[in-house]
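Understanding the architecture of this molecule
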Amino acid sequence: TISGNTVTVTGAGPVVLGASQAASGNYAVGTTTISFTAVYSTPLATSLVGSTASPAYGASINLVPAFSGGTAKIGSSGPGSSDITSSAVSGSSYPTLAIRAAKTYTLTVTGTGGNSATATFTATPTPVTITPISPTDQTSGPGTVDFTAIASGGVTDSLTWSASGGTISSGGVWTSPNTIGPYTITATSVDNPAVSASTTATVSGPVITTQPVGKNACVGYSASLNVSANYATSYQWLDGGSPVGSSSVLTFTSLTTGDSGSYEAVVSNPAGSVTSNTAILNVVSPTTLTITGNPASVSVYATQTATFSVSATGTGTLNYQWYMGAPGSGTPISGANSNSYTTPALTTVDDGTQYYVTVTDSDCTDTTLTSTAATLTVSGTDTAVPPTIAIQPVGTIATAGGTASFSVTASGPGTLTYQWYRVPYQSTGMSSAAGIAISGATNTTYTVPASETAQSNDGDNYFVVVTNQYGTAVSNHVMLAVGAGIVMQITNQPQTEYVSATTLASFSARATCTGCTPAYQWYWYAPGSSSATALTDGSVSSGALSGATIVGSATSSLNIEDVPSSATVGVFYVMVTSTSDGTTQIPGTNPLTSNNAGLFIGALGSVGNPTSGSGLCNNGGTDWVLNGTNPGTTNGDVPYQNTTACTIELTKDAGSEHASVYWPTLISTANFTVNFTVTISATGTPADGFTMVLADPTQGATTSSIGLLGEGLGANGIPGLVVGFDTFQNGDLSTDPTCTYTQAADDPDDACDPVAVPYMAVGPGAELLWENPWYFVNGNLDTQNSTDYPIDTYANSTHSYVVSVVNGVMTVTIDGHELFTGQVSLPPVAYLGFTASTGGSEEAVTLSNLTATVSAP
């Protein structure tokens, strides 16, 4: 196109440009031309560069284009419209709008003729994240809670807070409502409101964690009742409805009999209140605190543990503290606050260490007595000892379909091997259930798989058997709680009570429950009964508890006022149910039963004639109860009691005989020591040996209970605890592939010897649990090696034994050598007895030199 003197070339190709001037005067027309070729320009988009490829969420960036050969524009693709403030660019820096999603920016350079070139740049904003709110899943009483969370990735990283109830500040300080219930706390990103984090905050009324426990206390002295609670803001103690104190501890000074009464604490916060169990305070005349049995020196081998104990009498709950060192200058042992102390696994470095204990009757005269010292002797010359479990497994909780772990720590010479067992929950109680070996569970730690943590597994028990070449040790049974299940720890079990007639006996238990309310119901076995009776509150007018008043039968604390002497050797336990409201059982959960606890009123009595060395003599008309093939007092009877020689022959050297003998009155098993001598003689192939039994009346044992004929030891089928001394090998374990440490796989009634005999073992006597497995086994009866006692020698020998129990820890010695020390599961009340049996093999087993002491902890 031509406009004036300007020619514009609008296409590509050859061009001829001509110019002419018209004739004028003396001049003719003037004309000239020029030829050239016009071509399109070549556009070039050199680059498009942003100030950052990862901007903060909501930030803008600067884009810098580089180009030539045409006209440039910048556009974008991605969520939203173009965010360039000016689409036509000339090479300078161009800002974007806020970027909240990944975007690709394109520089387009358009040349003449429609040619174009592009360059791109992608910006991806950093995602906004918020850390979990802290504290998470908070439970508290009404008040304020400071919540925190941190946002990152945004321009401001600011948060807004909200709550489904109450008020919350811009800084996350929540002021809760006074209404019990769960509330949702939410933190939301200011930069990206689609991003938030939440947690649950639960407003709770007060929750009592430790109930007050009734007690006997002394006239003229001080005493206190205690309650502990979470989320509490105030306390009010009541005596018969009248307020008497306003703190968590109710303290009495200069007690009088008028202070005797029923006390309860009302614990409150702005959301509500809860009333504690009733605690009975029984004020009696002062008694003198007395240490009746000082700790005795103990001699053990390296890797074993040692147990020291003290016996004391006084009013109320006695407090203990054990020390290491000389009396008066020793170092207190942390956590050693019961009437006994069991050491960790020992080494020869511990040889010569002294131990003593202080005892305080804080509910009476507040006197503190110091025991004499006991000396520990640790020998490293003999390593032929069975394993010792130093740290027991503990109960744990698993979510349904989750996992849980148990672990054990054991010591002992040689190589230790492990086998874990599971005991499926039984509504009739776990005491009659045998364990199932878990395939592959052969380490110190066992993790329960998800397949064994269904809701139906709530209440399953687990234990582990630890073995070396000298014997075995079995851990305590521990509980798996699934979902809202209840975990009953041993420290929260009811304990045996020792009180005077017409005073107060109190039993307490504690169950921890996740997301539920435990409900309690107490039961008792009357003296010698195997049938339990549910207790109800109020005065008792018949039976062994006649004259007593029961308070708290449906709470965690049971109080029995004015206990009659006729209730002595009764047994109590509590059933705990997981409920949603204190009454309604939560579906899928299993009720659990506590350990049994005994009640002893007044003197504990003695076994046999109290004259030393005369424990098997006729005791003033009270005889040992003899059961067997032909029981009597004539030489040749089986069993036969010689009251002149103070012996009992359990079996004579003949086949197919069996015998059981019992002291006729029940004893306390918490603290006792039995010394006895056994002589075994055989002219042919000897039978297996003998046992000492603690027969459990609550499981049906009586003084007539006798084991299966031909079972050698003679105790198979007697419920309770059996201390067996097996003196002859029935078969060769090493060549019997079907034989395990529990039972022969092909015959559940044919248990095999756990190690080469002679051996000593401890375990349950009930037929289903017999040797299934033994709790402890020592395959070296003098802790040396089996060559010290060949079969023919041991089957014609005399040995002295000591079986002692202190606070659930049993120690057994033979001829002064410790065979084992360990925790055992004992009935709190039992008949003390001995058994023996012969079958095709035969031997004479004679019991002599028996003395026994029974004392309260």
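Our subject is the structure that appears above.
Read on for a plain summary of the structure.

Criteria and thresholds
- Residues numbered from 1 in each chain as written.
- Predicted model: local features only at pLDDT ≥ 70, side-chain atom pairs only at ≥ 80, totals over all residues.
- Heavy atoms only, no water.
- Helix = DSSP H or I, 4+ residues; strand = E, 2+ residues; numbered from the N terminus.
- Buried < 20%, exposed > 50% of the residue type's maximum accessible area, 1.4 Å probe, protein only.
- Contact = heavy atoms within 4.5 Å.
- Areas by Shrake-Rupley, 256 points an atom, 1.4 Å probe, with all protein chains shown as cover.
- Patch = residues over 30% accessible without salt bridge, like charges linked within 9 Å, V, L, I, M, F, W, Y side chains within 5 Å.
- Salt bridge = Lys/Arg side-chain N within 4 Å of Asp/Glu carboxyl O.
- Pairing = 2+ DSSP bridges.
- Axes fitted to C-alpha atoms, helices over the stretch in contact; angles between N-to-C directions.
- Disulfide = S-S within 2.5 Å.
- Core = buried A, V, L, I, M, F, W, Y, C linked by side-chain atoms within 4.5 Å.
- Lys, Arg positive; Asp, Glu negative; His and termini not counted.

**As for the overall build of the chain**
- Counting its regular elements, the chain contains 1 helix and 77 strands.
- Looking at the chain as a whole, 49% of its 857 residues are labelled buried.
- In the chain, the share of contacts with a sequence separation of at least 24, taken over all contacts with a separation of at least 6, comes to 65%.
- Surface exposure of the chain reaches about 35400 Å², of which carbon and sulfur atoms provide 50%.

**Quick notes on a nonpolar patch on the surface**
- On the surface, Ile2, Val7, Val9, Leu17, Ile34 and Phe36 cluster together into a nonpolar patch covering about 500 Å² of accessible area.
- With respect to the helices, strands and loops of the structure, Val9 is situated in the loop between β2 (6-7) and β3 (13-21).

**Some remarks on the sheet that holds strand β5 (residues 44-50)**
- Read from one edge of the open sheet, 3 strands run β5-β6-β9, paired in antiparallel fashion. Of all the strands in the sheet, just β5 and β9 (94-95) have a single pairing partner and so form its edges.
- Two elements, strand β6 (residues 62-68) and β9, share 2 bridges in a ladder whose sense is antiparallel. What sits directly across from Asn62, in β9, is Pro95.

**A closer look at the sheet that holds strand β77 (residues 844-855)**
- Taken together, the 7 strands give an open sheet; going across it, the order is β64-β65-β77-β68-β73-β74-β75, and neighbouring strands pair in antiparallel fashion. Among the strands making up the open sheet, the edge pair consists of β64 (640-642) and β75 (817-823). Each strand of the sheet is rotated relative to its neighbour by a mean of 20°, with strand direction disregarded.

**So, the environment of Gly172**
- Tracing the chain through its elements places Gly172 in the loop between β17 (167-168) and β18 (173-175).
- Look at Gly172 and you get buried, because its relative accessible area is 0%.
- In contact with Gly172, not counting residues within four places along its chain, are Val145, Asp146, Phe147 and Trp161.

**Details of the state of the cysteines**
- Summed over all chains, the structure comprises 1 disulfide.
- The partner cysteine of Cys218 in its disulfide is Cys364, sulfur to sulfur 1.9 Å. Judged by the sign of its S-S torsion, about -95°, the cystine formed by Cys218 and Cys364 is left-handed. With a gap of 146 residues between them, Cys218 in strand β22 (residues 215-218) and Cys364 in the loop between β38 (354-360) and β39 (368-370) connect regions that are remote in the sequence.
- For Cys364, a relative accessible area of 1% translates into the label buried.

**Quick notes on the nonpolar core**
- Formed by 67 residues in total, the largest nonpolar core has its most connected members in Trp624, Phe676, Met692, Met810 and Phe834.
- Excluding anything up to four places from it in sequence, Phe834 contacts Trp624, Leu650, Ala659, Ser660, Val661, Val674, Phe676, Thr691, Met692, Val693, Leu847 and Leu850.
- Among the nonpolar cores identified, the runner-up in size contains 24 residues, and Ala509, Tyr520, Val540 and Ile560 belong to it.

**Section: the side chain of Asp696**
- Here Asp696 is to be found in the loop between β69 (689-695) and β70 (720-726).
- At 23 Å, Arg422 is the nearest oppositely charged side chain to Asp696, a buried residue that forms no salt bridge.
- Residues contacting Asp696, with those up to four places away along its chain left out, are Ala701, Pro719, Gly720, Pro827 and Val829.

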